[in-house]
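Each chain, letter by letter, is given below.
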Amino acid sequence: VLVTIYADYIAPLFDKFIPLPEGELKQQIETMAKSIDFPLTKVYVVEGSKRSSHSNAYFYGFFKNKRIVLFDTLLEDYSALNKEPAEGENGENEQTKSKTKNKKQGCKNEEVLAVLGHELGHWKLGHTVKNIIISQMNSFLCFFLFAVLIGRKELFAAFGFYDTQPTLIGLMIIFQFIFSPYNEVLSFCLTVLSRRFEFQADAFAKELGKAKDLYSALIKLNKDNLGFPVSDWIFSMWHYSHPPLLERLQALKDAKQE
């Protein structure tokens with residue numbers, strides 16, 4: 001419910017959401033959504049370029065009321081960096097105009113569809129529902145263990161509370177200290193799971209015939225988002241919820257060559 005409230009009422013306070021105009025891209029998005037039974041109702045473009053050059057796309061909504069949101073930085077036709085400045089605007093000289101014109105950002109329509117194919121793969125494969133279930137199970141487990149441990153006098157005595165057992169202190173001790181090893185293990189497991197989901201979503205886009213376009217889109221997005229393509233595999237396995245660029249490209253490479 002909070003996700004829907006945020007998307008419908010809070011996010012528009014900070015960014016401008018406009019419906020994607022009728023055209024080839026919107027028609028292709030609707031066709032792809034229909035092909036996998038995605039209950040698409042609206043497609044929006046958000047003016048994210050006003051606060052960041054980061055490119056992204058996402059969907060939200062419950063049941064049969066799904067909506068897709070595209071950042072304007074994801075689209076070549078909407079990116080502010082690709083628009084030619086008005087002649088004489090702010091006293092810009094020809095060199096500055098040329099530099100702005102040559103700095104391309106965003107993806108072509110086919111690449112945008114490939115990125116959406118990846119995002120819709122998360123929906124089709126049930127990744128969002130699985131993450132919600134895992135989150136609720138973890139919350140239940142944490143509060144269950146809290147209920148078990150909050151009555152242990154030795155726990156408070158270890159921190160100098162011999163005669164009293166303040167609930168707030170117990171909350172801090174249990175969640176900050178007792179759960180610390182558990183949180184590290186859980187964080188690692190969730191990172192591994194997230195990376196697995198990302199590879200599965202890429203594979204789903206590949207099954208839609210978008211491997212070649214996703215390959216090029218990932219390179220462009222990594223460049224636009226100032227990502228660093230090289231990382232140590234152990235470090236990335238522990239810290240990165242998304243696989244590094246080169247690992248994702250390698251997984252797509254065979255299909256791209258075909």
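Coordinates for the structure precede this section.
As the structure is a computational prediction, the values presented were derived from the model and not from experiment.

Novice: What should I look at first to understand the packing of aromatic side chains in this one?
Specialist: How two aromatic rings sit relative to each other is given by the distance of their centres and the angle of their planes. Going through the model one piece at a time under the given rule, you end up with 13 aromatic pairs. Ring plane angle 85° and centroid distance 5.0 Å describe the contact between phenylalanine 38 and tryptophan 123, whose orientation is recorded as edge-to-face. With phenylalanine 38 in the loop between α2 (24-35) and β2 (40-46) and tryptophan 123 in helix α4 (residues 109-124), the pair connects residues that are 85 residues apart, well separated along the chain. A network of ring pairs unites the aromatic residues Phe143, Phe146, Phe175, Phe179 and Tyr182 as a single cluster.

Novice: Is there a simple way to explain the pairing of strand β4 (residues 66-71) in this structure?
Specialist: Two faces belong to every sheet, and in a regular strand the side chains alternate between them. For β4, a buried count of 6 out of 6 residues is recorded, marking the element as mostly surrounded by other parts of the structure. Of the two faces of β4, the one holding Lys66, Ile68 and Leu70 and the one holding Arg67, Val69 and Phe71 are both buried throughout. Judged from the 4 bridges that link them, strand β3 (residues 57-60) and β4 form a sheet pairing that is antiparallel. Pairing of tyrosine 58 across the sheet is with valine 69, part of β4. Counting the residues that bridge the hairpin from β3 to β4 gives 5 residues, and of these glycine 61 lies at a positive phi of roughly 115°.

Novice: How do you make sense of unusual backbone geometry when you look at a structure like this?
Specialist: Its identity is not glycine, yet aspartate 37 carries a phi of approximately 65°, on the positive side. Tracing the backbone through its elements, the reader meets aspartate 37 in the loop between α2 and β2. You can call aspartate 37 exposed: its relative accessible area is 58%. Of note in the backbone geometry, leucine 226 takes a positive phi value of approximately 55° without being a glycine. Looking at where leucine 226 falls in the secondary structure, it is placed in the loop between α9 (211-224) and α10 (233-239). With relative accessibility at 73%, the residue leucine 226 sits in the exposed group.

Novice: Mind showing me how you'd approach the pattern of salt bridges here?
Specialist: Where charged atoms from two side chains of opposite charge approach closely, those side chains can pair. All chains considered together, the criterion is met by 5 salt bridges. Of the charged contacts in the structure, one is a salt bridge between arginine 248 and aspartate 202, with a shortest N-O distance of 2.9 Å. Separated by 46 residues along the polypeptide, arginine 248 in helix α11 (residues 245-257) and aspartate 202 in helix α8 (residues 180-207) bring together distant segments of the chain.

Analysis parameters
Residues numbered from 1 in each chain as written. Predicted model: local features only at pLDDT ≥ 70, side-chain atom pairs only at ≥ 80, totals over all residues. Heavy atoms only, no water. Phe/Tyr/Trp six-rings, centres within 6.5 Å; stacked < 30°, edge-to-face > 60°. Helix = DSSP H or I, 4+ residues; strand = E, 2+ residues; numbered from the N terminus. Buried < 20%, exposed > 50% of the residue type's maximum accessible area, 1.4 Å probe, protein only. Pairing = 2+ DSSP bridges. Salt bridge = Lys/Arg side-chain N within 4 Å of Asp/Glu carboxyl O.

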